[in-house]
Every structure is written in C-alpha cells, then in structure tokens.
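Structural overview for review
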Amino acid sequence: MNLRQHIPDDDPELKELILLIAEGGKKIQSSFIKKQGVAGTQNIYDEEQVEMDVWADQVLGEDFCNSGLVAAFASEERPEVINCEKGGKFSVVMDPLDGSSLMGINLSVGTIIGIYAGDNPLLPGREMVAAMYVLYGPLTTVTYTVKKGVHEFALDAEGEFVLQHEDMKIGSSKIYAPGALRKDWLPGHKKLIEDLEGQGYKLRFSGSFVADVHQILHKGGMFTYPGFIGREQGKLRLVFELNPMGFIVTQAGGSCSVGTQNNLDLTPEKIDHRVPVYVGGRTEIELAEKYMKGD
Ligand code: F6P
Ligand code: MN
C-alpha cells in the first residue's frame, strides 16, 4: 500500500497537503548531493544556515503558497508568519531541515511538520489536525498522523512511499538521548538522568532531534533537551520541533512535556518560543515531570 492509498479520504484537502509535503521531501532528498555548501547566513536563533536549510525552506514555502491549501505558515528559518495570497484551509508549522549541522557528515536529518485548521499556525499543539516528518537516512521515510494512528512509509526505487509500519506504538526499550552539557543540568534534571542510568538506560544521542526522536518512537525511552544553567528555557523550539514530534509520539501512545506540564497545552508566546524538551514513553515522561516539578 502506498501513502496516497493509506491516508483517509474524509478530508481530501488535508490528504493533498500531506502528499504535497511528501513530494517536497523527495525534492529535498534528491538535492542533498548538489547542495552541500554553507549559506553564509544565520537564522533568527543565530544558527549557521547551510545551503540546504535555506533551499528546503524556500521549496516548501513556495509549494504551500502555490497549493491553494495553505492560508499561512511559520518556518523555523523565518522570523515571521507568512500569509499565502491564494489562501487555503490550513496553516502549517515547519522545521524544513532539522539537524542540518550533521548534513556535512552524512548523518540523518529530517523535515518536521505540524498542520492546523484555519489561518493561525501559532496555536496550542493539541489543536493540530495532522503532523508528520520526513527522515532522510539510509531510507527516506514519511511518518504521519491524522489522529488515526501513526504510520510510516519508505521511498522505493519507483519514487513511491510504501507502507513499512502501520499503527505504530512507542517501543519499550530503555534508551535515553540527553542534550546539553551535563555540568549545566539543573538539579531536578540531574536526578532524573541518574534515575534512568540507575535503571540501565542506554545513551543514544546523534545531535539530530528528528532522528533521535524517531529512534525513541521505534525503540522506546526518552529524548530530552532540558533547560540548563544560562538557558533555563532550553534550546529547542516549541512550535517547530517539540509540538509536532510530541504530537506524533503521543498519537503512538507516548507523551511529551516541558518538564512541568504537557507542551501541547501551551499557547506559543512567540514564533521562536523555546522550551525544555521531554518526549518519549509515558512512564519516562511521568518520571521527568516528577523530578522537574520537584515532587
Ligand atoms: O535544531 C536544533 C538541533 O540541531 C537539534 O536537531 C538537536 O537535537 C540539537 O540542535 C543539538 O544541539 P547540540 O548541538 O547542542 O547538541
Ligand atoms: Mn531544528
């Protein structure tokens, strides 16, 4: 079964939008070999942009505004929400190329997407009607949810996304992926990690959020990029990173949090709202909240 056959027909426009993004993923995948340069620019987070960051953002942005499906979108690479002249039923949030600092050494990176109804993309994550990511690894895969399970497809030699995993449930392996420097961790977070290590959790951290969460989704455990000394609000972005990936993991039976509460309930304060990140199995997220709330 391919992606088109799999996505439910009850909202044909939502289906077209998901398929459009999957096609965008194919364009991005085929351009890695050609665009290996550094763009020489910085995004609004002062992160060095690589050529592909800028290009992926433009390609997807143009696709959205030409489609007649998207009223507005927000991108991690842009300082403001973009309103599309043609309009459309949906608004989109995207991290066009997450983990892009790893591209130069050929590790997995991905495109993260959240879709809302209406023309405001800065809504609480819980209001998403769909979320998906495209992972560019040994295989190029699309993982999507329209709140009817989480399903994964792999790009085959004919350019079709074919079903690989249907109705995924988060695994139960003991894996943890902890970002930031150990010496800067806050006391509650330190205790949490010590607890997990005491339970035999094995460390796996690549530096690509989308790839690390993908691993946790398949195998189980927890990804965290906490708040830390000097940056108590954390590094990763609520709108573009935690919300869509947390939404997908939640749909697969897992959970997500900023440590003190579920991020999906937060209304973004601004486009570049940063948060401490905890995403993974329900047990692990409950444990994280226990330590981070200081219970
Ligand atoms: O988008 C930011 C990002 O590249 C994530 O993909 C990743 O988890 C994180 O930054 C890695 O940060 P650091 O280099 O501090 O480990
Ligand atoms: Mn990112």
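Structure: see above.
Sequence order sets the numbering: in each chain, residues are counted from 1 along the sequence as written. To label them, take the chains in the order written and letter them from A, then take the ligands in the order written and number them from 1. Restriction of local features to residues with pLDDT of at least 70 applies here, the model being predicted, together with a cutoff of 80 or more for giving and counting side-chain atom pairs; totals for whole chains, interfaces and linings are based on all residues. With hydrogens and water stripped out, all remaining heavy atoms of the structure feed into the side-chain values.

Re helix α2 (residues 12-31)
With 20 residues, α2 should cover 28 Å at 1.5 Å per step; its first-to-last C-alpha distance of 29 Å lies within 8% of that length. Only protein chains enter the accessibility calculation, which uses a 1.4 Å probe; a residue whose area is less than 20% of its type maximum is buried, one above 50% is exposed, and one in between is partly exposed. Under the DSSP-based scheme used, a helix requires at least four consecutive residues in state H or I and a strand at least two consecutive residues in state E, with every element numbered from the N terminus. Taken together, the buried positions of α2 are occupied by L14, K15, L17, I18, L19, I21, A22, G24, G25, I28 and S31. Residue count minus one, scaled by 1.5 Å, sets the expected span of a helix.

Here's the deal with helix α7 (residues 282-292)
For α7, the set of buried residues is E284, I285, L287, A288, E289 and Y291. The contact definition used throughout considers only heavy atoms, calling two residues in contact when any of these lie within 4.5 Å. Check the buried side of α7 and you find it contacts α4 (187-198), β13 (222-225), β14 (255-257) and β15 (277-280). With its phi angle positive at about 70°, G294 sits one or two positions after the end of α7.

Quick look at the coordination of the manganese ion (ligand 2)
On the protein side, the manganese ion (ligand 2) has D95 (OD), D98 (OD) and E241 (OE) as donor atoms, found 2.0 to 2.2 Å from it. For Na, K and Ca the donor cutoff is 3.2 Å, while for all other metals N, O and S atoms count as donors only within 2.8 Å; water does not appear among the atoms, so some sites may look incomplete. Here the donor residues for the manganese ion (ligand 2) map to a single chain with the spacing D-x2-D-x142-E. Within this pair, whereas D95 is found in strand β5 (residues 90-98), its partner E241 is found in helix α6 (residues 238-251), the two being separated by 146 residues in sequence. For E241, a relative accessible area of 1% corresponds to the buried category.

Brief notes about the side chain of T143
For T143, the location among the structural elements is in strand β8 (residues 140-145). Any N or O atom pair separated by 3.5 Å or less is treated as a polar contact, with the protein-specific requirement of one donor-capable and one acceptor-capable atom, and with residues adjacent in sequence counted only for side-chain atom pairs. Among the polar contacts made by the side chain of T143, one reaches the side chain of E152 at a distance of 3.4 Å. Setting aside anything within four residues of it in sequence, one finds T143 in contact with A131, M132, Y133, V150, H151, E152, M168, L217 and I248.

Here's the deal with the pairing of β13
Alternating positions in β13 separate into two faces, M222 and T224 on one and F223 and Y225 on the other, with burial throughout. Think of it this way: DSSP has to see at least two bridges between two strands before they count as a pair. Here strand β11 (residues 175-178) runs beside β13; their pairing, made up of three bridges, is parallel. Bridging from a neighbouring strand, Y176 pairs with M222 of β13. Here β13 runs beside β15; their pairing, made up of four bridges, is antiparallel. Residue pairing in the sheet places F223 in a bridge with V279 of β15.

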